[in-house]
Amino acid sequence: MYQGDEPEELEKLVHADARKARLKYLLVPIIIYSLILVVPAPFAFEYGFPYRSDVPTILFIVGVLLFFVAAWWDFGAKKVLNESVRIGVKITNDDISYMEKQGFSLMMMYFGIASLFIATAFAVFYI
Amino acid sequence: MEEVKEVESKEFTGNSVMSIKNLSVNFKVAEGTVNALDRVSLDLAYGETIGIVGESGSGKSTFANAMIALLPENAVISGDIVFEGERLPYLSNVGRKEKKRDVKILDAKLRAIRWKEISMIFQGAMNSFNPAYTIGKQLKQVFQIHTDFDLDQINKKMKEVVIKAGLNPSVLASYPHELSGGMKQRAVIALALALNPKMVIADEPTTGLDVVVQAKLISTLKKLRASGDLKSLVIISHDLGVVSQLADRVAVLYAGRLMEIGSVMDIYLNSRNPYTLALLENYPSMRKARERVLGIPGTPPDLLNPPKGCRFAERCKFADSICTQVDPPVVQISPGHFSACHFADKVNVKTAEKKYSATNDILSSHSSGGLPLIKTVDLTKFFGLRSSAAGSIFVQAGKKSVAHAVEKLNIEIKEGEIYAIVGESGSGKTTVGRLLLKSIEPTAGKLFFNIGEDNVLELSNKTLSNEKIREFRSMSQLIMQDPYDSLNPKMSVFDTVAEPIEALKLEKDPSRIEAMVSQSLESAGLSPASNYIFRFPHELSGGERQRVGVARALSVPSVKFLLADEPISMMDISLRAHFLNNILELRQNRKLSIVYITHDMASARYVSDRMLIMYLGMPVEEGETESVITNPLHPYTKALIQAVPEPNPTWKPERTGIIGEIGSIVNVPKGCRFYDRCIFRKDICKDEAPPKREESGHWYLCHFSQSELIVNSPEEMERDVTGIKTPQGSSINVSGR
C-alpha cells in the first residue's frame, strides 16, 4: 500500500552500493600510501633523495595519524543521522546498532591500512 | 488600576485559586529599568479558564512566569500573588544577603507548589524534550521526583495521562524525534497534567503548529476541561482565535498594562477598548480575508521609558490630548467587564470598524496576470539518504530512505501574479520554492523561466551556462521567513540591502549603490531611507526588519520574480497587515510575480490571485483563490479551510474533517497521498493514483466528484491521533462547506 514496499531486487543493489562506498572511503588512504611510496622514487634515483630514511618516517607518521583519524572520525554517520531526522525517516535502536557496526568495520579497515603504512615503513627502513 | 483591583476582589473573593493584586514587575538591565508589568490585578476562580492576549512584548510571558515564581534574578516584584490563600514565595526577592538556609526553605516551598499544584506548558516546550530519552522516561521523572509511587503505579498513571492527552500509550516508548509536532505538544500536555494540578498555565500552547493540528489540540483541551482533568487554566496567546475557543474570561495586556478584562463574550463581541478592538479588527480570519486591513499603526512603546498617560495613546485612533497626560480610568462596562480607557463609553465595535478599516474596501478582484513567467513540467524532487557514500554504508538495506519531497508539479505563474502555495508543514512548499529559485536541482521534470522577449531559460538543464544562471539570479529574489535570524547582526541595513547588488556585480560606483539602496528601502516602506540606512538589525523593530528583507530582495532593479517563504509567520497581527499591504503595492507598482508560500489560508486569500494546495509533496488542488476558498473541491482543502480559527467564541473546531496528522514523505501511500487522513476514502484510493478533475481552470486530484464524497461513518470524523477505530455507522454527506 505504500511506495517502496517491494524492495527484494533493490536490496542486492543496495549491498553492491555499500561495497562501492566502502571502497571510496578506503581509496583516499590507499592513494596517499601509493603517492608517498611512488612520488619520491624518481627524486631518489635522479637527485639522491634519501628515500630509505625519509619515506619510512613519513609513512610512520601518516600511519599513526590514520589511526587517530579512524578512531575519531564518524565517517559521516552523524550527518546521515541528522538527515534521517530532517526528512522524517524513523530511526530505531536497530538502525543505531547497524550504524555502529558499519562505523566499526570502517574503522578496522582504516586500522588495517594504517598498519600497512607502519609495516611498510619498517620494511623500507630495514630491508 | 486601583478601581479594577477593588471591584475584582469583590467579584471573586473566597472563590479564587489564584489572586493577583497590583502586580508590577521591573527588570533591571544595563540601560535602566524595564517596566514589564504595571499594577496588574486579576483573580482566577476554581474551574475557570482565563485567556491573556496581547502583542509580543505586552508582558504575557512575564505574567505567566510570575504566576509560577520563575522570574529571573534581575526582576523586581511588587504586589501580591496569592495561591490558595498563601502568598507565593519569591526567590528573587530574597537577595544575596539573605541566608542560604532561607533560600533553601523558599526553594523547597516552591518545589512543593510547582508542577504538583501549578504546572505549565511552556512556549515551544515541544522542542525542549531531551532527544536522548523516550517520552516515557521523561514522563516517569515527573512522578519519581514528586510522588512516592512504585514502578507499577507510575506505569499505570503514565498510560492514563497520555490517553487523556489524546495519545496512544505506545508513544511512551518513542523518542521525541519520532513524534509529529502535534503529538509532541500533546505529550507536553500530558506532562503538565501528570500530577493532576489545580492550575495549569499554557503559554502559547498552539504556536508553531499547523491549523489542522491546532484545531485538534483545541478540541482536546476543551474535552479535558469538560471532563475536569484540566481544572483552572490560564491560556496565554497572541492568537485571538485560540483564546476565544478556550477561555471563560479574557484579559488584554498592552505594554505591561491590563487594558480590558471581561467574559469571552464581552471581549469578543462587545469590547470597549480601542486596543482590543484594533486586535480584533486586524485578526486575519477567513471571514474578513478579502477586506482591506490597515493594521495598528506604530510600534509598542519602549518600556525603559514608558510614556505618560495611556500607553496605547500613540497608536490609538480614538486618542485625545488627555490620553497622553493622564492614566486612563478603569471603567466598569457591565458586571465583570472593565476597560482602561478615557473613552470607554464612546468606543465600541461599530466605531472601531469605521476607524480601523476606514476604507472598508473589499479588495477588488486581483489581476488576471500577463504572460507566463515560470512554468514547470512534472517537476520532481526526491531526497535520498543513500545518495552519498556515507548514506550507502550507514542506511540498512530494506529501509525506506527516499523522501518524496515534490512530485509531478505542473504550474504556470504569470507576470504580475501573486501565486500562493498552501499546505501544512511537510507538504513540500519550501522545496518547491527552492526548486523555483534553482537553489536545488530537480530529480526529474523541467523548469522554465521567461527572461523576456520570448527568451525562455530551461533552469532544469544542468548544462546551463554561468552567465545565464547569473541573469536568472538577477531576476529572482527571496524574502525569508524569520526577520530576526535572516539579518546578519554585524551588517548595517546598507550592507544588507547592497549585498545582492555587489554579489551580482550590478554596480561598482558607491554613490549609485547608495542611491539604489535608498530607492529599495523607500519602496519597501522604510521612509525616509536616510533614517534606516546606517542602523543595525538590533535597532529595528520586527516589522522594520522584515521590510529590510523586502528591500534586500528589491535592491536588484531587474527583479521580476519574488519568492516569499512564510514571511508573516513570525509577525504580530499589526505587522502582518502592513507587510501584506506592502506585497500588494509591490505587485501593483513593479509588476512583480510573487510566489507566496504559507500555511495561513486567510493571508493567502488576502494577497493571492491563484492558489495551489499541496499535500505530502503532491499538488492536490489549484485554482483562482476565491474559487478555491469559496468552493474547495479536495477533501484536504475543505479540512484546511474549516480549521482556520475565527476570533469568535461561537466557532466550533471540533470537526475538521480530517484524520490524524500529516504523514511522512518517506512512507507515502501508493494511491492517493491523502488516503491515510481522508474521511471519504474508499478501497480504490488505496492503490490507484487519483485522476485530475477540472472545471474551468480549477482542478483537484480525487477519485470522486463532489456528489460522491460521502463519509463512511460519522465516527470516522472523530478519529484522532490515538488511531482508535470506531464501529461503522450510517452515512452522512458533508461535502461542500
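Residues numbered from 1 in each chain as written. Chains lettered and ligands numbered in written order. Predicted model: local features only at pLDDT ≥ 70, side-chain atom pairs only at ≥ 80, totals over all residues. Heavy atoms only, no water.

Enquirer: Would you mind going over the side chain of S392 of chain B in detail, with residue names and values included?
Expert: Note that S392 of chain B resides in helix 12 (residues 389-394). Here S392 of chain B is in contact with D17, A18 and A21 of chain A together with R386 of chain B, once residues within four sequence places are set aside. (Helix = DSSP H or I, 4+ residues; strand = E, 2+ residues; numbered from the N terminus. Contact = heavy atoms within 4.5 Å.)

Enquirer: Can you explain the pairing of strand 13 (residues 372-384) of chain B? Please cite residues and give values.
Expert: Residues and elements named next belong to chain B. In this sheet, strand 15 (residues 412-414) lies alongside strand 13 in antiparallel orientation, the contact comprising three bridges. Residue pairing across strands places P372 opposite K414, the latter belonging to strand 15. As paired elements, strand 13 and strand 17 (residues 444-450) share five bridges and run antiparallel to each other. Residue pairing for strand 17: T376 is matched across the bridge by L447. (Pairing = 2+ DSSP bridges.)

Enquirer: Summarise the interface of chain A and chain B; cite the residues concerned and give the values.
Expert: Many authors give the size of an interface as the accessible area that is lost as the parts come together. Taken residue by residue, the interface counts 37 residues in chain A and 33 residues in chain B. For the chain A and chain B pair, buried surface summed over both sides reaches about 3,000 Å², with 63% attributable to carbon and sulfur atoms. The tally of links between chain A and chain B comes to zero salt bridges. Across the chain A-chain B interface, the total number found is one residue pair in polar contact (both at pLDDT 80 or more). The set of elements that each furnish at least two residues to the side of chain A that touches chain B consists of helix 1 (8-38), helix 4 (77-87) and helix 5 (93-126) of chain A. Per-element accounting of the side of chain A that touches chain B gives the leading share, nine residues, to helix 1 of chain A. Here the residues of the side of chain A that touches chain B sort into 16 nonpolar, nine polar and twelve charged. (Buried area = accessible area lost by both parts, 1.4 Å probe. Salt bridge = Lys/Arg side-chain N within 4 Å of Asp/Glu carboxyl O. Polar contact = N/O pair within 3.5 Å; in protein donor to acceptor, adjacent residues only side chain to side chain. Nonpolar A, V, L, I, M, F, W, Y, C, P; charged D, E, K, R; others polar.)

Enquirer: Can you lay out the sheet that holds strand 23 (residues 618-624) of chain B for me, pointing to particular residues and giving the numbers?
Expert: Residues and elements named next belong to chain B. Strand order in this open sheet of eight strands is 19-20-21-16-22-23-25-24, and the pairing throughout is mixed. Sheet topology places strand 19 (476-479) and strand 24 (692-695) at the edges, where each strand pairs with a single neighbour. Between one strand and the next, the sheet's axes are offset by a mean angle of 20 degrees, whatever the strand orientation. Sheet strands in contact with helix 17 (residues 542-554) are strand 19 and strand 20 (561-565), and its direction is about 175 degrees off that of strand 19. (Axes fitted to C-alpha atoms, helices over the stretch in contact; angles between N-to-C directions.)

Enquirer: Residue-level account of helix 17 of chain B, with values.
Expert: Spanning 13 residues, helix 17 of chain B covers 19 Å between terminal C-alpha atoms, matching the ideal 18 Å at 1.5 Å per step. When you tally the buried positions in helix 17 of chain B, you get 13 out of 13 residues, the bulk of the element. (Expected span 1.5 Å × (residues − 1). Buried < 20%, exposed > 50% of the residue type's maximum accessible area, 1.4 Å probe, protein only.)

Enquirer: Just give me the short version of the environment of Y268 of chain B, but keep the residues and values in it.
Expert: Residue and element names in this part refer to chain B. Within the secondary structure layout, Y268 lies in helix 9 (residues 264-269). Dropping the residues within four chain positions of it, Y268 is found in contact with L240, V243, S244, V250, L280, P647, N648 and P649. Of note is the side chain of Y268, whose polar atom sits 2.6 Å from the backbone oxygen of L240. There is a polar contact of 3.3 Å between the side chain of Y268 and the backbone nitrogen of S244.

Enquirer: Help me get a handle on the sheet that holds strand 8 (residues 232-237) of chain B, residues and values and all.
Expert: Residue and element names in this part refer to chain B. One open sheet holds the eight strands; their spatial order is 6-7-8-3-9-10-12-11, and the pairing between them is mixed. Either end of the sheet is taken by a strand with one partner, and the two such strands are strand 6 (118-121) and strand 11 (330-334). On average, each strand axis in the sheet is tilted by 20 degrees relative to the strand beside it, whichever way the strands run. The pairing of strand 9 (residues 249-254) with strand 10 (residues 257-263) spans six bridges and is classified as antiparallel. The residue of strand 10 that forms the bridge with A251 is I261. Contacts between helix 10 (residues 274-281) and the sheet are confined to strand 9 and strand 10, with strand 9 contributing the most and set at about 100 degrees to the helix.

Function cannot be inferred from these measures alone, as they are strictly geometric.
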